[in-house]
Amino acid sequence: MHADETVFVVDDDEAIRKSLRRMMEAVGLRVETFEHAQAFLDGFDRSKPGCLILDIKMPGMTGLDLQEKLAENGRNIPVIILSAHGDVETSVRAMKTGAVDFLRKPCRAKRLLERVRQAFAQDAEIRQERDERAQLRARLDALSPREREVMGHLVQGKSTKKIAFELGVARKTIDVHRGHIMTKLQADSVVDLVRMWPA
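Being a predicted model, the structure only gives us computed values, none of them experimental.

Parameters at a glance
- Residues numbered from 1 in each chain as written.
- Predicted model: local features only at pLDDT ≥ 70, side-chain atom pairs only at ≥ 80, totals over all residues.
- Heavy atoms only, no water.
- Phe/Tyr/Trp six-rings, centres within 6.5 Å; stacked < 30°, edge-to-face > 60°.
- Helix = DSSP H or I, 4+ residues; strand = E, 2+ residues; numbered from the N terminus.
- Buried < 20%, exposed > 50% of the residue type's maximum accessible area, 1.4 Å probe, protein only.
- Patch = residues over 30% accessible without salt bridge, like charges linked within 9 Å, V, L, I, M, F, W, Y side chains within 5 Å.
- Areas by Shrake-Rupley, 256 points an atom, 1.4 Å probe, with all protein chains shown as cover.
- Salt bridge = Lys/Arg side-chain N within 4 Å of Asp/Glu carboxyl O.
- Lys, Arg positive; Asp, Glu negative; His and termini not counted.
- Charge placed at Lys NZ, Arg CZ, Asp CG, Glu CD.
- Core = buried A, V, L, I, M, F, W, Y, C linked by side-chain atoms within 4.5 Å.
- Pairing = 2+ DSSP bridges.
- Axes fitted to C-alpha atoms, helices over the stretch in contact; angles between N-to-C directions.
- Parallel < 35°, antiparallel > 145°, perpendicular 65-115°, else oblique.
- Contact = heavy atoms within 4.5 Å.
- Nonpolar A, V, L, I, M, F, W, Y, C, P; charged D, E, K, R; others polar.
- Right-handed = clockwise from strand over helix to strand, strands pointing away.

Focus on the packing of aromatic side chains
A complete count under the given rule lists four aromatic pairs for this structure. With a centroid separation of 5.9 Å and an interplanar angle of 70°, the aromatic rings of phenylalanine 8 and phenylalanine 40 are classed as edge-to-face. On the criterion of sequence distance, the pair formed by phenylalanine 8 in strand S1 (residues 6-10) and phenylalanine 40 in helix H2 (residues 37-43) is long-range, its members being 32 residues apart. This pair shows no difference in class: phenylalanine 8 is buried, exactly as phenylalanine 40 is. Judged by centre distance (5.3 Å) and plane angle (85°), the rings of phenylalanine 34 and phenylalanine 40 are edge-to-face. The pair formed by phenylalanine 34 and phenylalanine 40 is uniform in burial state, with each residue classed as buried. A connected cluster of aromatic rings, assembled from ring pairs, spans Phe8, Phe34, Phe40 and Phe44.

Below is the structure:
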């Protein structure tokens, strides 16, 4: 587990917040609690890894509304719904928006902690994928306009000879561009380039 992983709890019931804090801290987890959705939005630091334990029925913004708002804004924090309220339709809505699980209060500590660990693992994957995409974007941005143009031809499966003919340059020039592209993108083959090419 990452040292900064935090369990964020949003529940309007103070007793529940205290109980969840005790449970999480007893097993060495960091916890931040919020009494309503807006307080969470105002205080949430998206750079912190972790997961969100969320009640459904709260004053103001509901838990499901908060979950959907986070998803719309690209804040991909894994969510565990923990509520005394909820029907099949509500459960389906939560799961479709990406909830790790929908648990009913009261919930056994063992089951909730299992879901928290699962959510932490999911968050780590999300962050790793985001970091890899950012690194790839930076490498693609390092290509010159001509290198991007040559790459576009390469990922279409065109030969060096054909690319040189279409661009009106020598084959050797295309070979030089290809070498620069492979180095800048840290690619080993054209297959790698195809995977990296923006869709």
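Here we look at a negative patch on the surface
Together, Glu125, Glu129, Asp131 and Glu132 make up a region of like negative charge exposed at the surface. Summarising the element assignment, glutamate 132 is placed in helix H5 (residues 109-141). Judged by relative accessible area, glutamate 132 falls into the partly exposed class, the value being 42%.

Looking at unusual backbone geometry
Omega for the peptide link from lysine 105 to proline 106 comes to -10°, which places this bond in the cis form. Relative to the assigned elements, proline 106 resides in the loop between strand S5 (101-104) and H5. We note that glutamine 186 has phi near 55°; this positive angle belongs to a residue other than glycine. Looking at the element boundaries, glutamine 186 is found in the loop between helix H8 (171-185) and helix H9 (190-196).

A word on the nonpolar core
In terms of nonpolar packing, the biggest core is built from 20 residues, with Val10, Phe40, Leu52, Leu54, Leu66 and Ile81 touching the most fellow members. In terms of nonpolar packing, the next biggest core, distinct from the first, is built from 18 residues, Val9, Leu29, Leu103 and Leu113 among them.

Some points on the sheet that holds S5
Pairing is parallel in the open sheet, where five strands are placed in the order S2-S1-S3-S4-S5. The open sheet terminates on both sides in strands that have one partner only, identified here as strand S2 (30-34) and S5. For this sheet, the mean angle separating the axes of adjacent strands, direction not counted, is 20°. In terms of strand pairing, S1 meets S2 through five bridges, oriented parallel. Bridge pairing in S2 places valine 9 opposite threonine 33.

Thoughts on the packing of helix H1 (residues 14-26) against H5
Look at H1 against H5: their axes get within 11 Å of each other, and the N-to-C directions meet at 70°. As far as their axial angle goes, H5 and H1 are roughly perpendicular. Between H1, through Leu20, Met23 and Met24, and H5, the contact on the second element is made entirely by Ala109, Leu112, Leu113 and Val116. Grouping the constituent residues of the contact of H1 with H5 by class yields seven nonpolar, no polar and no charged.

Remarks on the pairing of strand S3 (residues 50-54)
For S3, the buried fraction is high: five of the five residues fall into the buried class. Alternating residues of S3 divide into Gly50, Leu52 and Leu54 and Cys51 and Ile53, and every residue in both groups is buried. For S1 and S3, the ladder comprises five bridges, and the chain directions are parallel. Paired with valine 10 across the strands is leucine 54, a residue of S3. In this sheet, strand S4 (residues 79-83) lies alongside S3 in parallel orientation, the contact comprising three bridges. If you follow leucine 54 over to S4, its bridge partner there is isoleucine 81. The parallel pair S3 and S4, bridged by helix H3 (residues 63-72), forms a crossover whose chirality is right-handed.

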